[in-house]
Amino acid sequence: MIIAIDGPAASGKSTTAKLVAERSGFSYLDTGAMYRAVTYAVLQSRVDLADEQGLAEWLALQDITQRWEKGTCRVYLNGTDITAAIRSPEVTRRVSEVSAIPVVRQAMVRLQRTLAAQGDYVVEGRDIGTVVFPDAEWKFFLVADDETRAKRRQKDLEQLGIHQDISELVREIQERDRKDSSRAHSPLRKAADAIEVDTSHLTIAEQVQFILNQIKQPLTKETS
Ligand code: DC
């Protein structure tokens with residue numbers, strides 16, 4: 001079974017998705033981390049983003065994996081732990097550009113489908129309910145107001161020892177949403193059959209419980 005959790009930047013997807021996975025015994029897949037890992041790899045390399053063929057060949061050589069270790073989801077690129085590096089402001093600034101490239105999306109969607117075919121998964125991202133798993137049994141679309149999202153992002157960054165002003169974070173989040181929603185391929189969009197959850201005034205425990213209550217109910221829509 002797939003539980004898709006989509007939504008804009010810093011809407012509470014990761015925290016919620018991880019806890020829903022833990023409580024329901026599902027595996028967890030962070031597709032944003034995969035696009036961040038590609039962006040990090042691009043920044044480390046001399047690969048030409050305009051050369052589709054070359055980029056596709058280079059991507060096929062990159063080994064991106066995620067593993068649960070001591071309660072955290074760690075991300076590896078070709079065997080190196082890049083969990084902290086993919087949250088850097090530079091990766092965050094470039095990730096919308098890299099993730100809008102069709103060959104990047106094709107490679108990542110293929111990988112996401114292969115990984116999640118292995119069992120029950122909570123998959124978080126931007127296009128999970130619309131493109132990657134349009135037949136997902138459950139789809140949630142998380143939203144929150146800009147100020148709340150910027151405050152959450154600031155807290156996450158502070159844990160990594162990075163300080164950024166709220167106003168700067170609001171601008172960055174809005175800019176990333178604009179790019180992610182307006183791109184030609186798989187833009188950020190709520191699936192017609194997704195349940196919208198506004199997390200602005202919910203605690204983490206409340207948003208997790210809301211989703212757990214929903215998925216306990218029998219499915220009302222047909223599944224394939
Ligand atoms: O969830 P996040 O902020 O870590 O995601 C980083 C970026 O990755 C986001 O700005 C757009 C891209 N992304 C995407 O294009 N498709 C997904 N399914 C997940 C993320």
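Not measured: the values here are computed from a predicted model.

**Q** Sorry, what's going on with the overall build of the protein here?
**A** The helix and strand inventory of the protein stands at nine helices and eight strands. Projected onto the principal axes, the alpha-carbon positions of the protein cover approximately 50 × 40 × 35 Å. In the protein, buried positions account for 48% of the 224 residues. At a minimum sequence separation of 6, the contacts of the protein that also span at least 24 residues come to 74%.

**Q** How should I be thinking about the site of the ligand in this particular structure?
**A** Around the ligand, 17 residues are found, and the nearest of them are R36, D127, R176, D180 and R183. In this structure, R105 approaches the ligand through a side-chain N or O atom, which is 2.8 Å from an oxygen atom. One nitrogen or oxygen atom from the side chain of R126 is found 2.9 Å from an oxygen atom belonging to the ligand. Secondary-structure elements contributing two or more residues to the shell around the ligand are α2 (31–44), α4 (89–99) and α8 (166–182). Ranked by residues supplied to the shell around the ligand, first place goes to α2 with four residues. Looking at the shell around the ligand residue by residue, the class counts come to two nonpolar, five polar and 10 charged.

**Q** For this particular structure, what's the right way to read the packing of α2 against helix α5 (residues 102–116)?
**A** Between two packed helices, the angle of one axis relative to the other and the distance separating the axes together describe the packing. One can describe the packing of α2 onto α5 by two numbers: an axis separation of 11 Å at closest approach and a directional angle of 135 degrees. Taken together, the axes of α2 and α5 are oblique relative to one another. Like other packed secondary-structure pairs, α2 and α5 cross with a definite hand, here right-handed. Across the interface between the two elements, T31, M34, Y35 and V38 of α2 pack against V104, R105, M108, V109, L111, Q112 and L115 of α5. Split by residue class, the contact of α2 with α5 holds eight nonpolar, two polar and one charged.

**Q** Whenever I open this one, the nonpolar core confuses me. Can you help?
**A** In summary, soluble globular proteins display a tendency toward joint burial of nonpolar side chains. Ranked by size, the top nonpolar core spans 36 residues in total, and within it V38, L55, L59, V104, M108, V123 and F133 carry the most contacts. Per-element accounting of this core gives the leading share, eight residues, to α2.

**Q** What should I look at first to understand the environment of E124 in this one?
**A** Turning to its location among the elements, E124 is positioned in strand β6 (residues 121–125). Sequence-wise, E124 and T16 are 108 residues apart; in three dimensions their C-alpha atoms are separated by 9.4 Å. A polar contact is formed between the side chain of E124 and the side chain of S14, at a distance of 2.7 Å. Only 2.5 Å separates the side chain of E124 from the side chain of Y28, close enough to count as a polar contact.

Rules used in this analysis
Residues numbered from 1 in each chain as written. Predicted model: local features only at pLDDT ≥ 70, side-chain atom pairs only at ≥ 80, totals over all residues. Heavy atoms only, no water. Helix = DSSP H or I, 4+ residues; strand = E, 2+ residues; numbered from the N terminus. Buried < 20%, exposed > 50% of the residue type's maximum accessible area, 1.4 Å probe, protein only. Contact = heavy atoms within 4.5 Å. Near = heavy atom within 4 Å. Polar contact = N/O pair within 3.5 Å; in protein donor to acceptor, adjacent residues only side chain to side chain. Nonpolar A, V, L, I, M, F, W, Y, C, P; charged D, E, K, R; others polar. Axes fitted to C-alpha atoms, helices over the stretch in contact; angles between N-to-C directions. Parallel < 35°, antiparallel > 145°, perpendicular 65-115°, else oblique. Left-handed = near helix turned anticlockwise from the far one by under 90°. Core = buried A, V, L, I, M, F, W, Y, C linked by side-chain atoms within 4.5 Å.

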